[in-house]
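Report on the structure
Okay, here's what each chain looks like letter by letter:
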Amino acid sequence: MNVIIIGAGIMGTTFATLAKELAPNLDITILERLDGAGAGNSWAFNNAGTGHEANCELNYTPVDEEVIAVEKALKIHAQFNVAKQFWAYLVEKGAIKDPQTFIHQTKHCTIVSEPSIEQLKLRFKEMSAHHFFEHMRYSEDFEEIKSWIPYTMEGRPSHEKMAATVIETGTDVNFGALTEQMAAHAVNDLGVKIEYGTHVKRVHRSPAGTWLVETESKESAIQYKGDVLFVGAGGGAFPILKRSHLPFRSRYTGFPVGGRFLQAPISEEQAKHYSAKTYGKAKVGAPPMSVPHLDLRLVDGQYYLLFGPFASFKPLLEKGRGFLDYLGSIRPHDIPSLLSVALEHFPLVKYLVSETFKGKQSMFEELESFAPGLSKKFDWKPIQAGQRVQIIKDGDLQMGTEIVVSPEESFGTLLGASPGASVSPEVMLRCLEQLLPTILTKDEARKKMKEMFPEDDLDKLINNPDRYREIRDAVNKRLGITQPEA
């Protein structure tokens, strides 16, 4: 069977690696527009590098009056545990030589000021009662919080009332480095083919049922044929879906959201002083991806602080692509959905447009509000983050991700952006189950599945504390993540 994958980012590369591990006889080709794997949204500074497991992100635990909903947080945490199982497998088999090349232990903290303290306290009470978050700590003590996240507290007056939570076993993940190493393993060890510098222009299905993928590569037109087509091209998945002629394509269109960060290089000593990702509370009307956070990053041996994101509205499908690409992805039937979202979510659109024109001084003011005195402590510069394209489905704006598979199971794609790369192995496993279900029926594949994913049942991880702890401790040890002594 021939499988064509569009996009060599974290999603497409993970899908190819999983499929080839489970079914070595598959003929898999990845088509990538850029010159390397993980060079798009997966690249280190096109995202914040947070290993999202709902430790610190308030938007994963929405509040309705005095009720905290934790179901989304539990699912995301379980998905990340499944992701770590796969990454630990890659380390154990030698596909990744050293986990420190892509994952580092970093505290995950949440900090709020007085109006939100009771909400954070309630969140802590609900979450710490579950075994996923049993090591979470809460404090309103100024000095204790400062010991956790000094750069957010050192310039603050000690009488300012704040509250924070911390989990010591959070992670910073370089998804670009992870994707590069996974792609090398897929090519060199598994026999996957990757064609770089290849721009997909059109896809359509032949009368015989084969997918025909029309591409341009170095000004040459090349056609690829596949029995199964998976599109993991980020925002670029939307125009490909539109050109597929699949009947459900008219249900979806894309809502692009850009972003910027402030970035500052720091020394190893300064990194040891502040080893955390600290999330605050989003502004009213801001999208979930605009929750302010101050992150320690380690990229190619250099430590950085990253603050942001500062959202923007840019009608682009992906960073590095032009407005005409986005315009070309819109069909007449998309216009009512776009207008409906613009009207229904006008405060969001207004917020994104205003953020687009925010200057460096305004960015510094937000940093000062989050961490007083920090804007003058380091040499900060604005950088452009990756482009996210959220889903508009049946006229409604959605902030999550969705696997879309055609009824005959020959076309699959992943639309949306959050939580994205952090849960890519679990999401791609589910996509594989829908798109290539027959490969999972063989004894060899089931045995390999248990090697890669000792426990991929999210409900069991959520509801069985002993099983979860067994898996957590094993994969954390393999990945170099240690639980500090109490």
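The notes below deal with the structure included here. (Residues numbered from 1 in each chain as written. Predicted model: local features only at pLDDT ≥ 70, side-chain atom pairs only at ≥ 80, totals over all residues. Heavy atoms only, no water.)

Side-chain alternation along strand 16 (residues 276-279) places Ala276 and Thr278 on one buried face and Lys277 and Tyr279 on a second face that is also buried. Pairing between strand 6 (residues 107-113) and strand 16: four bridges, direction parallel. Across the sheet, Thr110 pairs through a bridge with Tyr279, a residue of strand 16. Note: strand 16 against strand 17 (residues 293-299), three bridges, orientation antiparallel. Looking at the pairing, Tyr279 lines up with His293 of strand 17. (Buried < 20%, exposed > 50% of the residue type's maximum accessible area, 1.4 Å probe, protein only. Helix = DSSP H or I, 4+ residues; strand = E, 2+ residues; numbered from the N terminus. Pairing = 2+ DSSP bridges.)

All right, on to the packing of aromatic side chains then. Applying the stated criterion across every chain yields a total of 18 aromatic pairs. On the numbers, 5.8 Å between centres and 80 degrees between planes, the contact of Phe80 with Trp87 is edge-to-face. Since its relative accessible area comes to 0%, Phe80 is described here as buried. On the basis of relative accessibility, which here comes to 0%, the residue Trp87 falls in the buried class. An angle of 50 degrees between the planes, with centres 5.4 Å apart, marks the rings of Phe307 and Phe370 as tilted. Of the two residues, Phe307 sits in strand 18 (residues 302-312) while Phe370 sits in helix 12 (residues 360-370), which places them 63 residues apart along the sequence. The pair Phe307 / Phe370 is uniform in exposure class, with both members buried. Taken together, the ring pairs in this structure connect Phe80, Trp87, Phe102 and Phe175 into an aromatic cluster. (Phe/Tyr/Trp six-rings, centres within 6.5 Å; stacked < 30°, edge-to-face > 60°.)

A few words on the sheet that holds strand 2 (residues 27-31). In spatial order, the strands read 10-2-1-14-23-22; together these six strands make up an open sheet with mixed pairing. With partners counted over all chains shown, the strands left at the sheet margins are strand 10 (193-195) and strand 22 (401-405), one partner each. The mean angle between the axes of side-by-side strands here comes to 15 degrees, regardless of whether they run parallel or antiparallel. As judged from the three bridges shared by strand 2 and strand 10, these two strands associate in the parallel manner. Among the inter-strand pairings, Thr29 is bridged to a residue of strand 10, identified as Lys193. Along the sheet face, helix 1 (residues 10-22) touches strand 1 (2-6), strand 2, strand 14 (228-231) and strand 23 (411-416) and points at about 170 degrees away from the line of strand 2. Along the sheet, helix 13 (residues 424-435) makes contact with strand 14, strand 22 and strand 23, crossing strand 22 at roughly 20 degrees. (Axes fitted to C-alpha atoms, helices over the stretch in contact; angles between N-to-C directions. Contact = heavy atoms within 4.5 Å.)

Here the focus is the packing of helix 1 against helix 14 (residues 443-452). Remark: helix 1 packs on helix 14, axes separated minimally by 9 Å, with the N-to-C direction vectors making an angle of 130 degrees. Overall, the two elements helix 1 and helix 14 adopt an arrangement that is oblique. Here helix 1 contributes Leu18, Glu21 and Leu22 to the contact with helix 14, which in turn contributes Ala445, Lys448, Met449 and Met452. Considering only residue class, the contact of helix 1 with helix 14 consists of five nonpolar, no polar and two charged. (Parallel < 35°, antiparallel > 145°, perpendicular 65-115°, else oblique. Nonpolar A, V, L, I, M, F, W, Y, C, P; charged D, E, K, R; others polar.)

What follows covers the sheet that holds strand 12 (residues 211-217). Reading across the sheet, the three strands line up as 11-12-13 and stay open at both edges, with antiparallel pairing between neighbours. Of all the strands in the sheet, the pair left with one neighbour each is strand 11 (198-205) and strand 13 (220-226). Taking the axes of each pair of neighbouring strands and ignoring which way they run, one obtains an average angle of 25 degrees across the sheet. Relative to strand 12, strand 11 is paired through seven bridges, and the arrangement is antiparallel. Each residue of the ladder has a partner; that of Val200, found in strand 12, is Thr215.

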